[in-house]
Amino acid sequence: MSETKKNEGIGRLVVVLGLITLVCALLLGVVNQVTAPQIEQNNINTRNAAMAELIAGAEFEDMNVTEPATKEEPTGISGVYKATIDGQDAGYCVEVQPSGFGGVMTLIVGVNADGTIAGAKVTAHGETPGLGAKAQADPEWIKQFAGKAADGSLAVAKDGGDVVAITGATITSRAVTRGVNRAATYVASLG
Amino acid sequence: MKFSERLKAGVLLDNPVFMQTIGLCPALATTTSLSNAIGMGVAATVVLICSNVVISLLRKFIPDKIRIAAFISIIATFVTLIQMLLNAYIPSLAASLGLFLPLIVVNCIILGRAEAYASKNGVLPSALDGVCMGLGFTFALVLMGFFRELLGAGTIAAGIIGTNGIRIPGLFENPATMMILPAGGFLVMGFILAAIQKIMSGKEDK
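Residues numbered from 1 in each chain as written. Chains lettered and ligands numbered in written order. Predicted model: local features only at pLDDT ≥ 70, side-chain atom pairs only at ≥ 80, totals over all residues. Heavy atoms only, no water.

Asker: What's the story with the side chain of Arg182(A) in this structure? I'm lost.
Answerer: All names here are of chain A. You can see Arg182 is positioned in helix 4 (residues 170–190). In this structure the side chain of Arg182 is engaged in a polar contact, spanning 2.7 Å, whose partner is the backbone oxygen of Thr75. Every residue in contact with Arg182, bar those within four places of it in the chain, is listed here: Glu67, Glu73, Thr75, Ile77 and Val96. (Helix = DSSP H or I, 4+ residues; strand = E, 2+ residues; numbered from the N terminus. Polar contact = N/O pair within 3.5 Å; in protein donor to acceptor, adjacent residues only side chain to side chain. Contact = heavy atoms within 4.5 Å.)

Asker: Mind showing me how you'd approach the pairing of strand 7 (residues 117–124) of chain A here?
Answerer: When a strand is regular, its side chains alternate between the sheet's two faces. All names here are of chain A. One ladder, built from six bridges, connects strand 6 (residues 106–111) with strand 7; its direction is antiparallel. Considered in strand 7, the bridge of Val111 is made with Ile117. Linkage of strand 6 to strand 7, two consecutive antiparallel strands, is achieved through a turn of five residues, within which Gly115 is found at a positive phi near 85°. (Pairing = 2+ DSSP bridges.)

Asker: What exactly am I supposed to notice about the layout of surface pockets here?
Answerer: Rolled over the atoms, a probe with the dimensions of a water molecule shows which regions are left empty. In this structure, the second largest pocket occupies an estimated 740 Å³ of space. Lining the second largest pocket are 26 residues, with Asn43(A), Thr123(A), Ala124(A), His125(A) and Asn87(B) sitting closest to its centre. Broken down by secondary-structure element, the contributors of at least two residues to the lining of the second largest pocket are helix 1 (2–54), strand 3 (88–97) and strand 7 of chain A together with helix 4 (67–89), helix 5 (91–97) and helix 6 (100–103) of chain B. Counting residues per element, the lining of the second largest pocket draws most heavily on helix 1 of chain A, which supplies seven residues. Residues of the lining of the second largest pocket, tallied by class, amount to nine nonpolar, 14 polar and three charged. (1 Å grid on protein atoms, 1.4 Å probe; cavity = no way out; pocket = protein on both sides within 12 Å on 5 of 7 lines; lining within 4 Å. Points joined across faces, edges and corners; volume = space filled by probe spheres on them. Nonpolar A, V, L, I, M, F, W, Y, C, P; charged D, E, K, R; others polar.)

Asker: How should the interface of chain A and chain B be read in this particular structure?
Answerer: How big an interface is tends to be stated in terms of the accessible area lost upon association of its parts. Between chain A and chain B, the contact holds 25 residues from the first and 28 residues from the second. For the pair chain A and chain B, the summed buried surface comes to about 2,200 Å²; carbon and sulfur atoms form 80% of the total. Our count for the chain A to chain B interface comes out at zero salt bridges. By residue class, the composition of the side of chain A that touches chain B is 13 nonpolar, nine polar and three charged. (Buried area = accessible area lost by both parts, 1.4 Å probe. Salt bridge = Lys/Arg side-chain N within 4 Å of Asp/Glu carboxyl O.)

Asker: Could you clarify how one ought to interpret the pattern of salt bridges in this entry?
Answerer: Where side chains of opposite charge bring their charged atoms close, a pairing between them can arise. Residues and elements named next belong to chain A. Applying the stated criterion across every chain, the model contains nine salt bridges over all chains. We note a salt bridge from Lys121 to Glu53, for which the minimum N-O separation is 2.9 Å. On the criterion of sequence distance, the pair formed by Lys121 in strand 7 and Glu53 in helix 1 is long-range, its members being 68 residues apart. Its relative accessible area of 29% is what places Lys121 among the partly exposed residues. Glu140 is paired through a salt bridge with Lys143; the nearest N and O atoms lie 3.4 Å apart. (Buried < 20%, exposed > 50% of the residue type's maximum accessible area, 1.4 Å probe, protein only.)

Asker: It is not clear to me how unusual backbone geometry should be interpreted in this structure. Could you clarify?
Answerer: Trans is the prevailing form of peptide bonds, just as negative phi is the prevailing case for residues other than glycine. The backbone of Asp86(A) shows a phi angle near 50°, a positive value even though the residue is not glycine. Using a relative accessible area of 77% as the deciding quantity, one classes Asp86(A) as exposed. Of note in the backbone geometry, Thr21(B) takes a positive phi value of approximately 40° without being a glycine. Mapped onto the secondary structure, Thr21(B) falls in the loop between helix 1 (3–13) and helix 2 (24–29).

Asker: Even after reading the chapter, I still don't get a nonpolar patch on the surface, so can you show me in this structure?
Answerer: Together, Val30(A), Val34(A), Leu85(B), Tyr89(B), Ile90(B) and Leu93(B) make up a nonpolar patch on the protein surface, roughly 530 Å² of accessible area in all. Looking at the secondary structure, you find Leu85(B) in helix 4. Among the residues examined, Leu85(B) registers a relative accessible area of 40% and is labelled partly exposed. (Patch = residues over 30% accessible without salt bridge, like charges linked within 9 Å, V, L, I, M, F, W, Y side chains within 5 Å. Areas by Shrake-Rupley, 256 points an atom, 1.4 Å probe, with all protein chains shown as cover.)

Asker: Just checking my understanding: could you explain the side chain of Arg148(B) for this structure?
Answerer: Residue and element names in this part refer to chain B. Following the sequence through the fold, Arg148 ends up in helix 8 (residues 123–153). This buried residue, Arg148, is left without a salt bridge; Glu149 holds the nearest opposite charge, at 10.0 Å. A distance of 2.7 Å separates the side chain of Arg148 from the backbone oxygen of Leu28, its partner in a polar contact. With residues near it in sequence (within four places) discarded, Arg148 still touches Leu28, Thr31, Thr32, Ala153, Met179, Ile180, Leu181, Pro182, Gly184, Gly185 and Val188. (Lys, Arg positive; Asp, Glu negative; His and termini not counted.)

Asker: I'm lost on the nonpolar core in this one. Help?
Answerer: For soluble globular proteins, nonpolar side chains are generally found buried alongside one another. Residues Val94(A), Leu107(A), Val109(A), Phe145(A), Val176(A) and Val180(A) are the most contacted members of the largest nonpolar core, which totals 31 residues. Elements with a contribution of two residues or more to this core: strand 2 (76–85), strand 3, strand 6, strand 7, helix 3 (139–142) and helix 4 of chain A. Element by element, the count of residues in this core is highest for helix 4 of chain A, at seven residues. Ignoring any residue separated from it by four or fewer positions in sequence, one finds Val109(A) in contact with Leu54(A), Tyr92(A), Cys93(A), Val94(A), Val96(A), Ile117(A), Gly119(A), Ala120(A), Gly179(A), Val180(A) and Ala183(A). One finds Phe18(B), Ala44(B), Ile110(B) and Ile196(B) within the second-largest nonpolar core, a separate group that totals 30 residues. (Core = buried A, V, L, I, M, F, W, Y, C linked by side-chain atoms within 4.5 Å.)

So, in structure tokens, the structure goes:
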């Protein structure tokens, strides 16, 4: 008697929890379906806005290049855009994905045709609010990359370079520097 | 209990952070400035109200043995839904909240209120409980965020009053940076808790 009651109990537990998670999963699936294209569009808008800010007045052509992160080169490239102003080469914008403190960050790095960094912008990250998140939230910090040589030799001050790290967020600062270097070396390899 | 009493309980006498000392992880991690504190507080309050209402509605349907699993599923679903909707339709707000949103899942105040209150009470009282506890949590965060920003960065309300906020002369040039680092969070929390204990014990003596 008590045996059947216990079994009933377990059956009910399974059914109820199954139902709850099913409803949750369905809701998430539906909302994801609805929001995914919009989020994708927002990401494209963010990228275009970032590129327009880095190399002003340029038109961008998607080169359809992606280089996923590998063991040897942990910083992946998720997009390369050739910039032209009135038909003249104006450099490149490279979307790189270095690993920060809180997972992969997405950076747009502008490289001028004359071999200097036009600037960089963090478009997505998971860094600590108030510390590493300043890489994106504090527009002054990332400006220091503009005008530096695009030869892949940048390093934060702690590592002997001249990039001033964000207070309390050396790992984030290193990640951004690594991303900028990666973009610079890639553009250099294009010749 | 009347609303004013509940509010007093949520914000002061039964404050989740200072009195129940729960939800310390987000309270320490996200209070590096006043604007961060407000962002986290508001986001957590919204999720708390939503989850309290739904869990209260389902309280007779969810068996006791699996309640924690059910609560966590519901809370995580809410957080993910809100995150997707914000990313799609209010990307600027989503960007400024950043990591706060996913962090709400692990905020034990929300699970705590589901367990201690919403699973035993009706929908309306549960919603009110969410409002009051959320405000209490926000109040605690704001208090910590204010002092940490003031001492650690030498500003008041940066990002709220203009991008730079009010700069305190002398302190802005030489801030005690440690205060916005994790160690500073523990220090400020400790001093605030000590001050509250002092005030409370003084009251008891009378």
